[in-house]
Amino acid sequence: MPRIGVFVCQCGNNIAATVDTKKVAEEMAKIPGVVYTCDYKFMCSSPGQETLKQAIKENDLDGIIVSACSPHMHEKTFRKASEAAGLNPYQCEITNIREQCSWVHHDKTKATGTVKSIDLTRMTIQRLKKNQPLKKIKIPVKKKALVIGGGIAGIQAALDIAEGGREVILVEKEPSIGGNMARLSETFPTMDCSQCILTPKMVEAELNENITLYTYSEVEKVDGYIGNFTVTVRRKSKYVDEERCTGCGECIEKCPFKVESAFELGLNKRKVIYTPFPQSVPNIPVIDAPNCPKIQKDKCGACAIVCGPKCIDFKMEDKLETVEVGAIVVATGYQLMPNERFGEYGYGRIKDVISGLQFERLASSSGPTGGEIRRPSDGKVPESVVFIQCVGSRDEKKGVSYCSKICCMYTAKHTKLYSHKVHGGQAYVFYMDIRSGGKRYEEFVRGAIEHDGAMYLRGRVSRVYEKNGKIIVQGADTLSGSQVEIEADMVVLATAVVSREGADGLAQRLGIGYDKHKFYNEYHPKLKPVETVTAGIYLAGSCMGPMDIPDSVAQGSAAASKVLALFSADEMAREPITSVVNKVTCNACWDCLTACPYTAIERDAIKDRKGNIVKWVAKVNDGVCQGCGVCVAACRSKSIDLKGYTDEQVFAAINTF
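This section reports on the structure supplied with the text.

A word on the overall build of the chain. Within the chain, the regular secondary structure consists of 19 helices and 34 strands. Dimensions of the chain along its principal axes, counting C-alpha atoms only, are 95 × 75 × 45 Å. Looking at the chain residue by residue over its 657 residues, the buried ones come to 52%. In the chain, 69% of the contacts between residues at least 6 apart in sequence involve partners at least 24 apart. Here the chain has roughly 30200 Å² of accessible surface; of this, 49% comes from carbon and sulfur atoms.

Set out below in C-alpha cells:
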C-alpha cells in the first residue's frame, strides 16, 4: 500500500477565495493510500516547504501531491524540497487548482471550486499510484562550441565563449568575417566609424587561440543533441593554400580580369582573385572560380606565376570536415529585400536610385568613391537626395507586414552623412511615421531635422521617373494635404530587412523553428529569448528579426553566457520525462519519426545471434527527446509511452470518476 501525502495550498486568497482548501484536504484523507493531508497558506514559502519536508520524514511518505498553482510555477521547487527530504523528486506531482480551477470559477460559495479541486486532486492521486521512480538523465558534454555566422553578433558570441576558456569554431560563408556591419560607414546614434569599432573585434577573433575561423564555409549537416553535436562543414575551395599564403596581395595586383563586386553591391568592380575589402579577416585571397579563365579555359594563370610562396592551386576542391561540438550559436544575420520588385521607385531602371546599403558604401571611406557622395551614373555630387522609408516594410501586398526597425534610424544617419559631406545639399525624407525607440535615438532624429536640415515629409511616394537628367519624385504630404513633386539627383530606398537566403534550409538541418518570414523562432520571446526548441542551439542577432547593432551585440553575449553555463559541468542533467518504445509491439511504421518535431526518433536494428537484422524498430534518443508526447499520439500500434504519463496512469486518473 502506498503512503501518500496531500498538501493543499491556499495561495493567499488566489485559491482560498473560491476553494475550501480545508475540505479538500479532509476529503483526500479518506482515499486509500493517503496517510497525511494538510492545507497551508503558501506552500511555496520557506515554512511551507519545511512543513512538506517534515511530513515526508515523519510519515515515511513514498509519494506526495501538492494541489496548488501551475506546475510551470513551482514544480521544480516542490521536487527539490522532496529530494531534500529523501524522496525521489519524480514521486512529487502537482495538481493545478489555481489556473485550472479557482481562477476560472468565481463562485463565492466555493461549492464549484471545491468539488472540482477534489476531483482534480483525486485524479492525480490515482496517477501517482502508478508512478515509477525516475532518475535524471546524465549527458556528457563536449566543451567546444560552433558559431554559424561571422557578423557582429557571431563574432561577439565567439569572443565571449573563447574568453570563458572554451574552444570555438566560427563558420562564415563569405571569404571574410564582418557581415553587413563591414559595409557600413558610420553607426547610429554615436556616429562611430563602423570599420574602426568592428575591425579590432575581427582581428581579436582571428588572433584568439581558442577561436578557429572557417571562412568561405557552410554547414552541410547536423547530427546529435545537446552536448554532443556532430556537424559537417563544407569548406569551399579558395584555390589558395591558407597555410602558406602571406597575404602580400601580389596575386590580386597582377590579375588582369575584373568582375562586379558583391561586397560593393554592384557599385564597383574587383579582381577575379580577391579579398572582399581591405580589412578582410583572414587576409587570404579567394579565386572566383566561375569567372577565372585559368579554371574555366586553362588560360592566364598570372596569379600563380607571381605568387612567391607558390600557394595557388587551381585543382583545389571543396572539403567536408566533421567537427564534434557541445553547443551551436546561430547568427546568420539578414539581407535586404530585392529592390527590383518596386518598379514604381525606378530601381534597376534609373541608375541613381540605390538602396540604403549602397548609400553606405558611397559614404564609406573604403567604398568605391573614397567616402564622397557621388551619383553612380555620372559621378557628379548630388545637390538633392530623396530618401524613401518603408520600402517593402509594413506593406503586406508587395513586401512584408512587419517593421524593419532600423530604417528610420539609418535614414536619419544618411541625411546627417549627406549634410556633412555635401554642404548646401538638401535631403528630403518621405516617411509613414518615425520609430526611434532606443537610447538617444529620438534625439538623433531630431538632430537630423533641426541641425542638419533634413526635410521630413509625411506621406508615400507614388511615382519616380527621369526627366531632363533629373529624377522626379511625386508623392503626397499628408500633413499639409498637398501633392509634392521634387527634382532630385539621387533617390535612396530604405528597403525591408529580410531573412538570409537559405535560412529555412539551415533551420531544417539544425531542427529549429522559423516563422513565415523565415526568421528563426526563439523558445520563448520573453523568458528564453536566445534559446531554441532544440536544446543546445542558441540564437543571436538579426537571424531572429530586424535588429540594430547594440541589440545584436547583447544577444551575442547572451548566447555565449548560455553556452558557458552549459559547459560549466562535465555532465548535464536532463529531466527524465521522455518517451520510451515497446520494441516487441513496434511495427516500424515510422509515423513517430515523421511526427517528432525534435528528430528524437531513430531507427534501431534488432539482430539475431549471427548479427543478421531481423526487424527494425523505433528508438528514442533521450538526449534529444523533449517529452512533448507527439510520438505517443502518432503511434498507431500504441507502442510508445511517455514516462510519468503512461497510458496506464492516464486511464487510472480517468477511471477514478
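There's plenty left to go through after this.
As a further point, take the pattern of salt bridges. Evaluated as defined, the whole model comprises 38 salt bridges. The partner of E242 in a salt bridge is R235, with the nearest N and O atoms 3.7 Å apart. The exposure class of E242 is partly exposed, given its relative accessible area of 31%. Of the charged contacts, one joins R446 and E450 as a salt bridge, the two residues approaching to 2.6 Å between their closest N and O atoms. One end of the pair is R446 and the other is E450, both in helix α14 (residues 441-450) and four residues apart, which spans about a single turn. Taken together, the salt bridges that share partners define one network made up of D352, R375, D378, K470 and D489.

This brings us to the sheet that holds strand β2 (residues 34-40). The parallel open sheet is built from four strands, whose spatial order is β2-β1-β3-β4. For this open sheet the edge positions go to β2 and β4 (92-96), each flanked by a neighbour on one side alone. Geometrically, the sheet is characterised by an average inter-axis angle of 15 degrees between neighbouring strands, direction not taken into account. Helix α2 (residues 21-28) contacts β1 (4-9) and β2 of the sheet and is inclined by roughly 175 degrees relative to β2. Sitting on the sheet, helix α4 (residues 71-84) is in contact with β3 (63-68) and β4, with an inclination near 150 degrees to β4.

In total, this model carries seven aromatic pairs according to the counting rule given. Both rings, one in F7 and one in Y36, keep their centres 5.5 Å apart while their planes meet at 45 degrees; by these two values the pair is tilted. With a gap of 29 residues between them, F7 in strand β1 and Y36 in strand β2 connect regions that are remote in the sequence. Taking the relative accessible area as the measure of exposure, F7 reaches 0% and is therefore buried. Residue class for Y36 comes out partly exposed when judged on its relative accessible area of 22%. With 5.7 Å between their ring centres and 70 degrees between their planes, Y402 and F519 make a pair best called edge-to-face. Of this pair, Y402 sits in the loop between β21 (384-391) and α13 (407-421) while F519 sits in the loop between α15 (503-510) and β29 (537-539), and the two are 117 residues apart along the sequence. Considered together, Y402 and F519 belong to a single accessibility category, that of buried residues. The aromatic ring of Y465 is capped on one face by R463, whose charged end is 4.2 Å from the ring centroid.

Inspection of the secondary structure puts R341 in the loop between β19 (334-336) and β20 (353-355). Assessed through its relative accessible area of 43%, R341 is described here as partly exposed. Along the sequence, R341 and V147 sit 194 residues apart, while their C-alpha atoms lie 33 Å from each other.

With that out of the way, let us pick up the pairing of strand β10 (residues 211-215). Of all the five residues making up β10, four are buried; the element is thus mostly covered by neighbouring parts of the structure. For strand β7 (residues 167-172) and β10, the ladder comprises five bridges, and the chain directions are parallel. Its bridge partner lying in β10, E172 is registered against T215.

Further remarks concern the sheet that holds strand β25 (residues 470-477). The three strands lie next to each other as β24-β25-β26, forming an open sheet whose pairing is antiparallel. Each having just a single partner strand, β24 (461-467) and β26 (482-488) make up the two edges of the open sheet. In this sheet, neighbouring strand axes are inclined to one another by 20 degrees on average, regardless of whether the strands run parallel or antiparallel.

Okay, the side chain of S499 next. Within the secondary structure layout, S499 lies in strand β28 (residues 497-499). Here S499 falls in the buried class, since its relative accessible area comes to 10%. A polar contact is formed between the side chain of S499 and the backbone oxygen of H517, at a distance of 2.9 Å. Those residues in contact with S499, other than ones at most four positions away along the chain, are Q335, H517, K518 and F519.

Let us look at the nonpolar core. Formed by 71 residues in total, the largest nonpolar core has its most connected members in I211 and V329. Here the element with the most residues in this core is helix α7 (residues 152-163); it accounts for eight residues. Beyond its immediate chain neighbours, meaning those up to four positions away, V329 contacts L146, V147, I148, A157, I161, Y538, A540, A559 and V563. Counting residues in each nonpolar core, the second largest holds 35 residues, with V8, C11, I15 and F78 among its members.

Below, the discussion takes up the side chain of S117. If you trace the backbone, S117 turns up in helix α6 (residues 111-129). Among the polar contacts made by the side chain of S117, one reaches the main-chain carbonyl oxygen of G113 at a distance of 2.8 Å. Once residues lying within four places of it in the same chain are set aside, the contact partners of S117 are V19, V24, I97 and C101.

So, on to unusual backbone geometry. Outside of glycine, negative phi angles account for most residues, and trans bonds account for most peptide bonds. Residue P189 is reached from F188 by a cis peptide bond, and omega for that bond is -5 degrees. You can see P189 is positioned in the loop between β8 (186-187) and β9 (192-193). The phi dihedral of C300 falls on the positive side, at around 80 degrees, and the residue is not glycine. Note that C300 resides in the loop between α10 (293-297) and α11 (302-306). Take C300: its relative accessible area is 42%, and that puts it in the partly exposed class. A positive phi angle is found at K638, which is not glycine, with a value near 55 degrees. Looking at where K638 falls in the secondary structure, it is placed in the loop between α18 (630-634) and β34 (640-642).

Cut-offs and rules
Residues numbered from 1 in each chain as written. Predicted model: local features only at pLDDT ≥ 70, side-chain atom pairs only at ≥ 80, totals over all residues. Heavy atoms only, no water. Helix = DSSP H or I, 4+ residues; strand = E, 2+ residues; numbered from the N terminus. Buried < 20%, exposed > 50% of the residue type's maximum accessible area, 1.4 Å probe, protein only. Contact = heavy atoms within 4.5 Å. Areas by Shrake-Rupley, 256 points an atom, 1.4 Å probe, with all protein chains shown as cover. Salt bridge = Lys/Arg side-chain N within 4 Å of Asp/Glu carboxyl O. Pairing = 2+ DSSP bridges. Axes fitted to C-alpha atoms, helices over the stretch in contact; angles between N-to-C directions. Phe/Tyr/Trp six-rings, centres within 6.5 Å; stacked < 30°, edge-to-face > 60°. Lys NZ or Arg CZ within 6 Å of the ring centre and 35° of its normal. Polar contact = N/O pair within 3.5 Å; in protein donor to acceptor, adjacent residues only side chain to side chain. Core = buried A, V, L, I, M, F, W, Y, C linked by side-chain atoms within 4.5 Å.

What is shown is where atoms sit, not what they do.
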